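Read off the chains here:
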Amino acid sequence: MNHFDLRPKGRSALRISLGKMYYMLRRYIEWFTDEKTYAKSRKNEQLPFVHFSHQTILLRKLKDVEMWYQHNKVKNLSIAIKQLNGIVIQPGETFSYWKSIGTTTRSKGYVDGMVLFYGKFKKGTGGGLCQLSNLIYWMTLQTPLSVTERHRHSYDVFPDSKRTQPFGSGATCAYNYLDLQIKNTTNQPYQLHLYLTDTHLVGEWRTDQEPLQSYEVYEKEHWITPAYWGGYLRHNLIHRKVFNRQRKQIDDEYITENHAIMMYEPLLEASQKNA
């Protein structure tokens, strides 16, 4: 990959708006004309086996971010998960994050939340749903389901403080052109189970058979390089180890690579972590 194409491009508000409209229209056309079978069935009763579960904290104090963004994010998450909870991906079907959630409008109850925008953040209706797409993507990496569309974050906005997963193990989202799509290439159904506690967003991938394999996602390589226009770029490779039921490793698979513009001083962050 040519890392020079990460350089921020100066675009006018009109150019950005027109570009967004173009990509949204292209996605709508794709949804109606492609040959994918999109998952849409939902079951209230849960499939019996949990393949993987994970939870992420709801309220995090972020540098220079007011807490009302976090509280509004929780409201938006509660609305979005109602559209996703219980959805079943049958063999051969594809789950589309945005096709399942739909638009995030005020008429549906969504409120202003934090939206990342060219390395900064601003308020936007329905903001904060990246926490949900991050969770679903991370859980999917622990299953045999196939991620067929995922968009990495172009900017590394916040330092690694209290990060529990490798850098670049999330999936950014923006209705509807930055989607997360997952295809069930197995021979059994998978069900997404989501809910909120007082403190966490919780998710599970459930299935109707006991899982044959388990996975360990890890960062294989990580490096930081100076950008020729100033600042720093962060890079890594994400892999996963595959284990059978006896916890014997049977494979090591490449998942993805990440390249992002750092929005903070890396040497300062490293010194804080080593202090």
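Quick note: structure is the one above.
All of these numbers come straight from a predicted model, not from anything done at the bench.

### Comments concerning the pairing of strand β13 (residues 249-262)
Direction of pairing for strand β7 (residues 155-156) relative to β13: parallel, over a ladder of two bridges. Considered in β13, the bridge of Asp156 is made with Met262. Where strand β12 (residues 232-243) lies against β13, 11 bridges are found, and the strand directions are antiparallel. Across the sheet, the residue bridging to His235 is His259, located in β13. The antiparallel hairpin formed by β12 and β13 contains five residues in its connecting segment, where Arg247 sits at a positive phi of about 65°.

### Some details on unusual backbone geometry
Negative phi values dominate among residues other than glycine, just as trans dominates among peptide bonds. Along the chain, Tyr175 connects to Asn176 via a cis peptide bond; the corresponding omega equals -15°. Looking at the secondary structure, you find Asn176 in the loop between β7 and β8 (181-183). Of note, the phi angle at Arg247 is positive, near 65°, even though the residue is not glycine. As for its position among the elements, Arg247 is in the loop between β12 and β13.

### Some words on the environment of Asn187
Within the secondary structure layout, Asn187 lies in the loop between β8 and β9 (190-196). Asn187 sits 96 residues away from Pro91 along the chain, and the two C-alpha atoms are 5.4 Å apart.

### Describing helix α4 (residues 130-140)
Across the 11 residues of α4, nine count as buried, placing the element largely inside the fold. Residues Gln131, Leu132, Ser133, Leu135, Ile136, Tyr137, Trp138, Met139 and Thr140 constitute the buried set of α4.

### With respect to the packing of aromatic side chains
Throughout the structure, instances matching the rule amount to 10 aromatic pairs. When the ring of Tyr97 is compared with that of Trp98, the centres are 5.1 Å apart and the planes differ by 75°; the resulting orientation is edge-to-face. Assessed through its relative accessible area of 0%, Tyr97 is described here as buried. Ring-pair connections join several aromatic residues into one group, and the members of that group are Tyr28, Trp31, Tyr97, Trp98 and Tyr175. A cation sits over an aromatic face here: Lys241 above Tyr218, 5.2 Å from the ring centre. For the cation-ring pair, Arg247 lies above Phe243, with the distance from its terminal atom to the ring centre recorded as 4.0 Å.

Definitions and limits used
Residues numbered from 1 in each chain as written. Predicted model: local features only at pLDDT ≥ 70, side-chain atom pairs only at ≥ 80, totals over all residues. Heavy atoms only, no water. Pairing = 2+ DSSP bridges. Helix = DSSP H or I, 4+ residues; strand = E, 2+ residues; numbered from the N terminus. Buried < 20%, exposed > 50% of the residue type's maximum accessible area, 1.4 Å probe, protein only. Phe/Tyr/Trp six-rings, centres within 6.5 Å; stacked < 30°, edge-to-face > 60°. Lys NZ or Arg CZ within 6 Å of the ring centre and 35° of its normal.

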